[in-house]
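Breakdown of the fold
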Amino acid sequence: MESHFFAYMYRLRYIERWSLMRNVVKENVAEHSFHVALLTHVLCTIGNEIFGRQLPTDRIVSMALFHDATEVFTGDIPTPVKHHNPKILSNFREIEQLAAERLLDMIPDTLRHVYEPLIDTKSSSQSELKKYVKGADLLDAYLKCVTELSAGNKEFGSAKKQIEQSIQELNMPELDYFLQNLAPSLEKTLDELSED
């Protein structure tokens, strides 16, 4: 039987993010997934190398690659919409789980056991690992705000403050390390980067 799973994954590039806001630089879910995987890798590396953790980096990065896979069916629902009230959020989580099941049904049985823990939204057995994906997801949103603000788009000022608060609430020293040591260069222009 033909599997459409990867055909759908490739369609993530057509789903735009930040749809309620004016964007200087457009972003799609495929780009975002790559950035979150990249940031997850560095957060795990910081955790292991700087803070002496024993994180399974490859496993967590795989989780990050698929963290928004269900958006191929749901689209990117903006955070203010999802979190407007508990009932909307609960209904969205239910829709997200149905989308995950639909995706998993597309995977051949011989491969399903590999992808199920990466896509199934109700799996709570990996909550400590998911924290790193959540941190990277917030970090990518923060960096998007920084990029937009650096380009003169004040539309992202309020979002940046809210995301900074969410990052603080995660209480992850890896995020603090990244923000202090690695994030500042993301505000620089190409000319400024070349001067160093």
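Residues numbered from 1 in each chain as written. Predicted model: local features only at pLDDT ≥ 70, side-chain atom pairs only at ≥ 80, totals over all residues. Heavy atoms only, no water.

1. Quick look at the overall build of the chain
Tallying secondary structure elements over the chain gives 11 helices and 0 strands in all. Order of helices (α) and strands (β) in the chain, N terminus to C terminus: α-α-α-α-α-α-α-α-α-α-α. Relative to the globule expectation of 16 Å for 196 residues, the C-alpha radius of gyration of the chain, 17 Å, shows essentially globular dimensions. Considered along the principal axes of its C-alpha atoms, the chain spans approximately 55 × 40 × 35 Å. Of all 196 residues assigned to the chain, the portion counted as buried reaches 41%. In the chain, of all internal contacts separated by at least 6 residues, the share reaching a separation of at least 24 is 69%. Approximately 11600 Å² of the chain is accessible, and the part contributed by carbon and sulfur atoms is 53%. Each charge sign in the chain was given a centre, from 21 positive and 30 negative side chains, and these centres are 5 Å apart. (Helix = DSSP H or I, 4+ residues; strand = E, 2+ residues; numbered from the N terminus. Rg over C-alpha atoms; globule rule 2.2 N^0.38 Å. Buried < 20%, exposed > 50% of the residue type's maximum accessible area, 1.4 Å probe, protein only. Contact = heavy atoms within 4.5 Å. Areas by Shrake-Rupley, 256 points an atom, 1.4 Å probe, with all protein chains shown as cover. Lys, Arg positive; Asp, Glu negative; His and termini not counted. Charge placed at Lys NZ, Arg CZ, Asp CG, Glu CD.)

2. A word on the environment of G152
Considering the arrangement of structural elements, one finds G152 in the loop between α8 (127-150) and α9 (157-170). In the structure, G152 is positioned 128 residues away from V24 in sequence and 8.7 Å away in space, judged by C-alpha atoms.

3. Quick word on α9
Over its 14 residues, α9 runs 21 Å from end to end, which matches the ideal 20 Å to within 8%, given 1.5 Å per residue. The set of residues buried in α9 consists of A159, I163, I167 and L170. One side of α9 carries all its buried residues, which in axial view fall inside an arc of 75°. In this structure, α9 carries K161, Q162, Q168 and E169 as exposed residues pointing more than 90 degrees from its buried face. (Expected span 1.5 Å × (residues − 1). Arc of directions from axis to C-beta.)

4. So, the packing of aromatic side chains
Per the counting criterion, the structure on display carries 7 aromatic pairs. Look at F5 and F6: their rings are 4.8 Å apart centre to centre, the planes differ by 80°, and that puts the pair in the edge-to-face class. In this structure F5 comes out as buried when scored by relative accessible area, which is 1%. Judged by centre distance (5.6 Å) and plane angle (75°), the rings of F66 and Y115 are edge-to-face. Here F66, found in the loop between α3 (57-65) and α4 (71-74), pairs with Y115, found in helix α7 (residues 109-119); they are 49 residues apart in sequence, far enough to count as distant. Looking at F66, the relative accessible area reads 14%, which means it is buried. Among the aromatic residues, ring-to-ring pairing joins F5, F6, F66 and Y115 into one connected group. (Phe/Tyr/Trp six-rings, centres within 6.5 Å; stacked < 30°, edge-to-face > 60°.)

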